[in-house]
Amino acid sequence: MQARKCDDRPGPARRLRFQYIRKVRFGIWPVIMALLLALAPRPSLAAEGQGGAGAPGPDAITTIPIGYLKQEVKRPIPLSRLNTEPDDLGMAGAAIALKDNNTTGLFTKQKFALDVERVPPGGDAVQALKTLVASGHRFILVDAPADVLLRLSDAVKDQDVLLFNVSATDVNLRQKDCRANVLHTAPDRAMLADALAQYLVWKKWPRWLVIKGVFPEDLAYLDALRRAAKRFGGTIVEEREYEETPGARRSDTGHQQIQTQMPVLTQGAPSYDVVVMADEKEVFGPYLPYRTWDPRPVAGTAGLKAASWHPAHEQWGATQMQNRFQRFAKRFMLPLDYQAWVAVRAIGEGASRIGSGDFGRINAYLRGDAFDLAAFKGQKVTFRPWDGQLRQPIIIAGAELPVSTSPQEGFLHERSELDTLGIDQPESECKFQ
Amino acid sequence: MTRETSRRAALAVLAAIGFVFSAGPAAAYTVYVSNEKGNSITVLDSKTFEVLETLPVGQRPRGIMLTKDDKHLLVCASDDNTVQMVDVATREIVGDLPSGPDPELLNLHPSGSPVYVANEDDNLLTVIDLNDKKVLAEVIVGVEPEGVGVSPDGKIVVVTSETTNMAHFIDTESYEITDNVLVGSRPRFAEFTADGKHLWVSSEVAGTVSVIDTETRKIVKKIEFAIPGVQPEYIQPVGVRVTKDGSKAFVALGPANRVAVINAKTFEVEDYLLVGKRVWQLAFTPDQKLLFATNGVSNDVSVIDVPNLKVVKSIPVGRAPWGVAVSQE
């Protein structure tokens, strides 16, 4: 990898360069590679001196630096230990995609680098972004809340910079607050709610008892649920609020209280088929399964969930992706890892297809009809030109296994069935600025 | 019209009595089908279409191939990280090849050895001498190598890598990659024409088949498909076979549940044959009168009458049929 002086740059944010970390993590890997090269009679990497596709010159290697900006956010400890956030969440997905890009790059004479800026809570994300841009990063993944993302987008508005929103699910980022310099690999709440709703309706569980939390995120997801119910023929029979504020996860009496609280919370509801949770911060949602008054399944932000990825998703070649990721990160691959993987792979795909690291051409290619990415979802994923959102199948899954993938059969669309999920072109309020 | 009608009538009669003589008396070959989820090989008779036996093999059997002497069936047992050798006479597993991790597809040098194995999880092509079962070379290729094609003169082996989206041309003497051709997304299968002039590469996610000139290493045609009533994203080309005379090519279109028939001279798509669900790999009988197609979701094999371009039979096999190979005799 080409050495770039960035580890010693002063600044409020911590910066990591992933290829160095990779070397540490992959301690044995270079040794194995060297052995393979030594054992094979006349092996070759074939990167040098061959007519690789898209090479700009006989020996020129194009370097394409990719940035990753993570705005760290204080979060409560999750109810379940299983949901503890890995420290390298998202970044590990970007790093494995970097490895994929660089394997391809051996043949196309392109090198990709990944530099991570971690902004502590309350830190200056805009400054961190400017630092990345100043050091030549044109493609930057952003893992940050919506308000921070918008500030970042506006800060580099007139520059050749493309941001990838890998985590924020806010619908407004794809609607009135959409930005020309942002592509979204994270599905928004509308896509997630639509994907779940299609499955529930297909399953003939159209009557939903909604239990909602009190936070703005909960209400935003609730909005998406209401919209999805209307679109696909679901009925919200009642909305109930859970007002308890988040407390200590561990308490001696917690168990017994919950065992009596949750049935009461769901008691006396009109006839319904499924409880749908709107509790994005997981304040109480995971308590509901197996504790409802009536014996009903739980879906939404707890129980059966919609997500871009699942650690046990193995269809469409995903087994290979999961194996690669687990060998690399020593943990399971999570949705944010996948969303970051897609972003870095999209950049790699653009660069290899146009045979150049040119910002303008890659940017245009990603948004155009020619772009498609194989992303272990059984069909290509592409970006919607009207709001920059990634079109992608959404996995519907319980804790242990995927249950289905939406769009469901029968929800038709004139162009792509994937556009039955989320904000479709006719309803888009996005005017790029 | 009349000829076609009478032919159809004849076919119906023949089918009714349980035989297919659509293009002269068919020889009886043995057909082997790997069942990816059944961890087994189904053995079929190409004349009677009867299941002769179901052999238990290693986990997740995918690519299969017969050795040139027809004595052994090579089975990629992907989840067991090995290629198993089945003695076709005794129908017993008699050995393993040191394939490396996660073997998916394989192909043979025209002389009968070595065998080239794509290691999907490890970005490698492993070259194994079939006589002494030794690894001759491991060639580093792109991410998720899958399809393996060998030129008829044995000078080139081509590997397709699904995430890198390339066909890597490898010299079989030096094991050096000489060319990398970018093709459509998720290239699955590589098939040389019998005259060695063209290489056909299917791209599952892009929904295309690239025909590459093996001299210039340039794509001369990107074949696209359109089936009325089928959404384009379900058209996912996987298995490809070209007839020996170079007149027709057949492409399995995955969840579109069709096998495309292509004029291999003009590259025009001439027909779509409705087969089972998620059609995956294809294999001709040596006389090229029949083409067997595995249907991974409907758990059966469709038999296509090649001269008449008709699906004449579907045969239930094991769970998730994937690969198919046919004996020479």
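Residues numbered from 1 in each chain as written. Chains lettered and ligands numbered in written order. Predicted model: local features only at pLDDT ≥ 70, side-chain atom pairs only at ≥ 80, totals over all residues. Heavy atoms only, no water.

S.K.: Lay out the overall build of chain A in plain terms, naming residues and giving numbers.
M.R.: Secondary structure summary: chain A contains 11 helices and 15 strands in total. Classification of the 433 residues of chain A by burial places 57% in the buried group. Partitioning the contacts of chain A with sequence separation of at least 6, the portion at a separation of at least 24 is 71%. When the accessible area of chain A is evaluated, it comes to approximately 18,300 Å², of which 54% is carbon and sulfur surface. (Helix = DSSP H or I, 4+ residues; strand = E, 2+ residues; numbered from the N terminus. Buried < 20%, exposed > 50% of the residue type's maximum accessible area, 1.4 Å probe, protein only. Contact = heavy atoms within 4.5 Å. Areas by Shrake-Rupley, 256 points an atom, 1.4 Å probe, with all protein chains shown as cover.)

S.K.: Before we move on, can you summarise unusual backbone geometry with the specific residues and values?
M.R.: Cis geometry marks the peptide bond from S406 of chain A to P407 of chain A; its omega dihedral reads 10°. Summarising the element assignment, P407 of chain A is placed in the segment after β15 (402–406). Omega for the bond connecting S113 of chain B with P114 of chain B falls within 30 degrees of zero, at 0°, which places this linkage in the cis form. Inspection of the secondary structure puts P114 of chain B in the loop between β8 (103–108) and β9 (115–119). Residues other than glycine seldom take positive phi values, yet W316 of chain A does so here, at roughly 55°. Overall, the relative accessible area of 31% leaves W316 of chain A in the partly exposed class. The phi dihedral of F376 of chain A falls on the positive side, at around 65°, and the residue is not glycine.

S.K.: Describe the pattern of salt bridges, listing the residues and the values that go with them.
M.R.: Where charged atoms of side chains with opposite charge meet at close range, the side chains can pair. On inspection of all chains with the given rule, the structure shows 45 salt bridges over all chains. For K212 of chain A, the salt bridge identified is with E239 of chain A, shortest N-O distance 3.3 Å. With a gap of 27 residues between them, K212 of chain A in strand β7 (residues 207–212) and E239 of chain A in strand β8 (residues 235–241) connect regions that are remote in the sequence. Residue E239 of chain A is classed as partly exposed on the basis of its relative accessible area of 28%. Residues R62 of chain B and E120 of chain B are paired through a salt bridge, measuring 3.3 Å at the closest nitrogen-oxygen approach. With R62 of chain B in strand β4 (residues 61–66) and E120 of chain B in the loop between β9 and β10 (124–129), this pair connects stretches of sequence that are 58 residues apart. (Salt bridge = Lys/Arg side-chain N within 4 Å of Asp/Glu carboxyl O.)

S.K.: Any chance you could break down a negative patch on the surface for me, citing the residues and the numbers?
M.R.: Taken together, the side chains of E314 of chain A together with D79, D80 and D96 of chain B present a region of like negative charge at the surface. Following the sequence through the fold, D79 of chain B ends up in the loop between β5 (72–77) and β6 (82–87). Given a relative accessible area of 43%, D79 of chain B falls into the partly exposed group. (Patch = residues over 30% accessible without salt bridge, like charges linked within 9 Å, V, L, I, M, F, W, Y side chains within 5 Å. Lys, Arg positive; Asp, Glu negative; His and termini not counted. Charge placed at Lys NZ, Arg CZ, Asp CG, Glu CD.)

S.K.: Mind laying out helix α5 (residues 146–155) of chain A, listing which residues take part and the relevant values?
M.R.: Note that an α-helix has 3.6 residues per turn; residues three or four places apart therefore point the same way. All of the buried residues in α5 of chain A are A146, V148, L149, L150, L152 and S153 of chain A. Where α5 of chain A is buried, its residues contact β2 (62–71), α4 (125–134), β4 (139–143), β5 (162–165) and β6 (182–184) of chain A.

S.K.: I'd like a rundown of the side chain of R345 of chain A, residues and numbers included.
M.R.: Along the chain, the position of R345 of chain A falls in helix α10 (residues 335–354). Those residues in contact with R345 of chain A that lie beyond four places of it in its chain are A97, D100, N101 and L373 of chain A together with T163 and N165 of chain B.

S.K.: So what about the packing of aromatic side chains? Which residues, and what values?
M.R.: Scanning the entire structure with this criterion turns up 12 aromatic pairs over all chains. Ring geometry for F232 of chain A against F411 of chain A: centres 5.2 Å apart, planes inclined by 80°, an arrangement best described as edge-to-face. With F232 of chain A in helix α7 (residues 216–232) and F411 of chain A in the segment after β15, the pair connects residues that are 179 residues apart, well separated along the chain. Pairing F250 of chain B with F284 of chain B gives two aromatic rings, centres 5.8 Å apart and planes at 80°, and the pair type is edge-to-face. Here F284 of chain B lies in strand β24 (residues 279–284) and F250 of chain B lies in strand β21 (residues 248–252), a separation of 34 residues in the sequence. Residue F250 of chain B shares its accessibility class with F284 of chain B, and that shared class is buried. (Phe/Tyr/Trp six-rings, centres within 6.5 Å; stacked < 30°, edge-to-face > 60°.)

S.K.: Lay out the environment of R327 of chain A in plain terms, naming residues and giving numbers.
M.R.: With respect to the helices and strands, R327 of chain A occurs in helix α9 (residues 318–329). Other than its neighbours up to four places away in sequence, R327 of chain A contacts D121 and D122 of chain B.

S.K.: I'd love a proper account of the state of the cysteines, names of residues and values included.
M.R.: Residue and element names in this part refer to chain A. The tally for this structure, following the rule as stated, stands at 1 disulfide over all chains. Each disulfide pairs two cysteine sulfurs, and for C178 the partner residue is C430, the sulfurs being separated by 2.0 Å. Between C178 and C430 the disulfide shows an S-S torsion of about 90°. By sign, it is right-handed. Here C178 is found in the loop between β5 and β6, whereas its partner C430 is found in the segment after β15, with 252 residues between them in sequence. For C178, a relative accessible area of 0% puts it in the buried group. The class for C430 is buried, based on a relative accessible area of 13%. (Disulfide = S-S within 2.5 Å.)

S.K.: Explain the sheet that holds β7 of chain A to me, using residue names and the numbers behind them.
M.R.: Residue and element names in this part refer to chain A. Read across the sheet, 4 strands follow the order β8-β7-β9-β10 without closing on themselves; strand pairing throughout is parallel. With one partner strand each, in any of the chains shown, β8 and β10 (298–300) form the two edges of the open sheet. Neighbour-to-neighbour, the strand axes of the sheet open up by a mean angle of 30°, direction not taken into account. Judged from the 6 bridges that link them, β7 and β8 form a sheet pairing that is parallel. Counterpart to I211 in the pairing with β8 is R240. (Pairing = 2+ DSSP bridges. Axes fitted to C-alpha atoms, helices over the stretch in contact; angles between N-to-C directions.)

S.K.: How would you sum up the sheet that holds β6 of chain B? Please name residues and give values.
M.R.: All names here are of chain B. Reading across from one edge, β4-β5-β6-β7 is the order of the 4 strands in this open sheet, with antiparallel pairing throughout. The open sheet terminates on both sides in strands that have one partner only, identified here as β4 and β7 (92–97). On average, each strand axis in the sheet is inclined to that of its neighbour by 25°, with strand direction left out of account. The pairing of β5 with β6 spans 6 bridges and is classified as antiparallel. Its bridge partner lying in β6, V75 is registered against Q84.

S.K.: Lay out α9 of chain A in plain terms, naming residues and giving numbers.
M.R.: Residues and elements named next belong to chain A. Compared with the 16 Å implied by 1.5 Å per residue over 12 residues, the 16 Å span of α9 between its first and last C-alpha is a close match. Within α9, 9 of the 12 residues are buried, which leaves the element mostly enclosed by the surrounding structure. Of the residues one or two after α9, K330 is the one with positive phi, at around 60°. (Expected span 1.5 Å × (residues − 1).)

S.K.: So what's going on with the packing of helix α3 (residues 91–108) of chain A against α9 of chain A? Which residues, and what values?
M.R.: Residues and elements named next belong to chain A. The contact between α3 and α9 brings their axes to 10 Å, and the two run at 110°. In this view, α3 runs roughly perpendicular relative to α9, as classed from their interaxial angle. Taken as a pair, α3 and α9 cross one another with a handedness that is right-handed. Facing α3, whose interface residues are A92, G93, A95, I96 and D100, α9 presents M321, R324, F325, F328 and A329. Here the contact of α3 with α9 is built from residues that sort into 7 nonpolar, 1 polar and 2 charged. (Parallel < 35°, antiparallel > 145°, perpendicular 65-115°, else oblique. Left-handed = near helix turned anticlockwise from the far one by under 90°. Nonpolar A, V, L, I, M, F, W, Y, C, P; charged D, E, K, R; others polar.)

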